[in-house]
Amino acid sequence: MLDRTSPTQRYARSIAAAVIAVATLLLAANAGPTRAAEPEPAQQQIQQEF
């Protein structure tokens, strides 16, 4: 039969899981698509006019 864990261990595990979840969400939010290195020729003409 399994022994009960202490409340301190449960709280520590909960806090660790919350920190990992927040870190994962932050990394996922910052992993967006990147911009192209050079704009397309049509975009270059429009940008040069302004």
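Each value, and the rule that gives it
- Sequence order sets the numbering: in each chain, residues are counted from 1 along the sequence as written.
- For a predicted model such as this one, the threshold for reporting local features is a pLDDT of at least 70, and the threshold for listing and counting side-chain atom pairs is 80 or more; totals across whole chains, interfaces and linings nevertheless cover every residue.
- Excluded from the side-chain calculations are hydrogens and water; all other atoms, namely the structure's heavy atoms, are used.
- Numbering of helices and strands runs from the N terminus, with a helix taken as a DSSP run of H or I at least four residues long and a strand as a DSSP run of E at least two residues long.
- Relative accessibility decides the category of a residue: with a 1.4 Å probe and only protein chains considered, values under 20% of the type maximum give buried, values over 50% give exposed, and everything between is partly exposed.
- Any two residues having at least one pair of non-hydrogen atoms within 4.5 Å are treated as being in contact.

Q: In this structure, what is going on with the overall build of the chain? I would like to understand it.
A: Summing up its helical and strand segments, the chain has 2 helices and 0 strands in all. The burial tally for the chain puts 0% of its 50 residues in the buried class.

Q: Can you help me understand the environment of Thr-5 in this one?
A: Looking at where Thr-5 falls in the secondary structure, it is placed in the segment before α1 (7–29). Taking relative accessible area as the criterion, Thr-5 reaches 29% and is therefore assigned partly exposed. In contact with Thr-5, other than residues within four places in its own chain, are Arg-10 and Arg-13.

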